[in-house]
Amino acid sequence: MALTTAGEISNPFIETSDILYPKFYEKRIAVGPAWNYYYVMQELLNNKWVPWIESDSSEKFAKKFFETRRKAQQSKKDWLYLNPLYDNIVEILSPHTITILTNKNRDSVEELLIHNKISFDGIISMPEHKRFKNKTDLMNYYYRDETVKFIDDHLGIITDVRSRAMFNVDARHASWGYTKDKIPGISLNMSDLEDWLINV
């Protein structure tokens with residue numbers, strides 16, 4: 001979506017082999033809120049590092065990013081293609097009560113969950129909670145009296161939750177996602193997910 005928003009590829013469904021895509025994927029692991037994509041594209045296109053500071057330009061890019069995503073969502077087939085499931089994930093998750101915490105908008109995530117017959121207790125969409133700058137701050141507010149298991153494929157988010165959480169949380173990095181690096185005791189393989197969910 002970010003490459004399409006920047007006008008570097010015209011169709012995200014057929015041009016993901018573009019020369020920029022592998023480089024983009026490497027930087028994707030650092031992205032939190034959508035305005036970060038503006039600086040990812042600046043670095044890719046100019047081939048140099050730039051400071052990531054929220055600005056009018058980055059916010060404008062974020063709005064355009066969400067517009068591009070909404071256009072993709074208008075075709076259910078295209079939206080499902082852009083969000084494939086990992087093998088066996090439905091069977092692994094089905095016995096458990098899960099809440100999805102996402103940077104995507106609620107409707108798009110709900111459509112994916114319902115289509116794939118994944119049961120869920122709720123969806124927390126970060127764009128609906130703009131007073132929280134990140135997932136750690138949001139969870140500190142909503143889960144301060146609870147015990148939670150939290151998994152995310154963004155290693156930066158996991159390290160932040162583990163260092164700043166003000167509630168009882170077992171936060172793990174999903175090593176099959178964006179960040180392939182593994183940290184012992186923090187990263188999980190897909191094969192370990194089921195046991196981790198079961199064990200208290």
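Higher on the page you've got the structure.
Engineer: Explain the overall build of the protein chain here, please?
Structural biologist: Helices and strands together make up the secondary structure of the protein chain, namely 10 helices and five strands. For the protein chain, the proportion of its 200 residues judged to be buried stands at 41%. Looking at the protein chain alone, contacts between residues at least 24 apart form 45% of all its contacts between residues at least 6 apart. Split by element, the accessible area of the protein chain, about 12000 Å² in all, is 50% carbon and sulfur.

Engineer: I would appreciate a short explanation of the side chain of Asn83 in the present structure.
Structural biologist: In this fold, Asn83 is placed in the loop between helix H5 (76–82) and helix H6 (89–93). Relative accessible area serves as the criterion here: at 17%, Asn83 is assigned to the buried category. Beyond its immediate chain neighbours, meaning those up to four positions away, Asn83 contacts Lys104 and Leu112.

Engineer: Please explain helix H9 (residues 155–164) as it appears in this structure.
Structural biologist: Think of an α-helix as 3.6 residues a turn; residues three or four steps apart then line up on the same face. Burial in H9 covers these residues: Leu155, Ile157, Ile158 and Val161. Around the axis of H9, the buried residues are gathered within 160° of arc, so they sit on the same side. Elements in contact with the buried residues of H9: helix H8 (135–142), strand S3 (147–152) and strand S4 (168–174).

Engineer: How should I be thinking about the packing of aromatic side chains in this particular structure?
Structural biologist: Working definition: an aromatic ring pair is given by the centre-to-centre distance plus the angle between the planes. Inspection of every chain in the model, using the stated rule, returns 10 aromatic pairs. Between Tyr38 and Tyr39, the aromatic rings sit 5.0 Å apart at their centres with planes inclined by 85°, giving edge-to-face as the arrangement. Among the aromatic residues, ring-to-ring pairing joins Trp35, Tyr38, Tyr39 and Phe61 into one connected group. If you follow Arg144 out to its NZ or CZ, it ends over the ring of Tyr141, 5.0 Å from the centre. Seen from the ring of Trp196, Lys149 lies directly overhead, with NZ or CZ sitting 5.2 Å from the centre.

Engineer: Would you mind going over the sheet that holds S4 with me for this structure?
Structural biologist: Strand pairing within a sheet occurs via backbone hydrogen bonds; the two strands may be parallel or antiparallel. Read from one edge to the other, the open sheet built from three strands follows the order S3-S4-S5, with strand pairing classed as parallel. Every interior strand has two partners, whereas the edge strands, S3 and strand S5 (187–188), have only one. The pairing of S4 with S5 spans two bridges and is classified as parallel. Residue Ala174 lies in a different strand from S5, and its bridge partner there is Leu188. The strands touched by H9 within the sheet are S3 and S4, with S4 carrying the most contacts at an inclination of about 160°. Against the sheet, helix H10 (residues 190–198) engages S3, S4 and S5, with an angle of about 170° to S3.

Engineer: I would appreciate a short explanation of the pattern of salt bridges in the present structure.
Structural biologist: A side chain with one charge may pair with a side chain of the opposite charge, provided their charged atoms come close. What the rule picks out here adds up to six salt bridges. With a shortest N-O distance of 2.9 Å, Lys135 and Asp152 are connected by a salt bridge. Residue Lys135 is located in helix H8, and its partner Asp152 is located in strand S3; the two are separated by 17 residues in the primary sequence. Across the pair, Asp152 and Lys135 agree in class, each one buried. With a shortest N-O distance of 3.0 Å, Asp137 and Arg164 are connected by a salt bridge. Of the two residues, Asp137 sits in helix H8 while Arg164 sits in helix H9, which places them 27 residues apart along the sequence. We classify Asp137 as partly exposed; its relative accessible area is 27%. A relative accessible area of 33% places Arg164 in the partly exposed class. Through salt bridges with shared partners, a single network forms among Asp137, Asp160 and Arg164.

Cut-offs used in this document
Residues numbered from 1 in each chain as written. Predicted model: local features only at pLDDT ≥ 70, side-chain atom pairs only at ≥ 80, totals over all residues. Heavy atoms only, no water. Helix = DSSP H or I, 4+ residues; strand = E, 2+ residues; numbered from the N terminus. Buried < 20%, exposed > 50% of the residue type's maximum accessible area, 1.4 Å probe, protein only. Contact = heavy atoms within 4.5 Å. Areas by Shrake-Rupley, 256 points an atom, 1.4 Å probe, with all protein chains shown as cover. Arc of directions from axis to C-beta. Phe/Tyr/Trp six-rings, centres within 6.5 Å; stacked < 30°, edge-to-face > 60°. Lys NZ or Arg CZ within 6 Å of the ring centre and 35° of its normal. Pairing = 2+ DSSP bridges. Axes fitted to C-alpha atoms, helices over the stretch in contact; angles between N-to-C directions. Salt bridge = Lys/Arg side-chain N within 4 Å of Asp/Glu carboxyl O.

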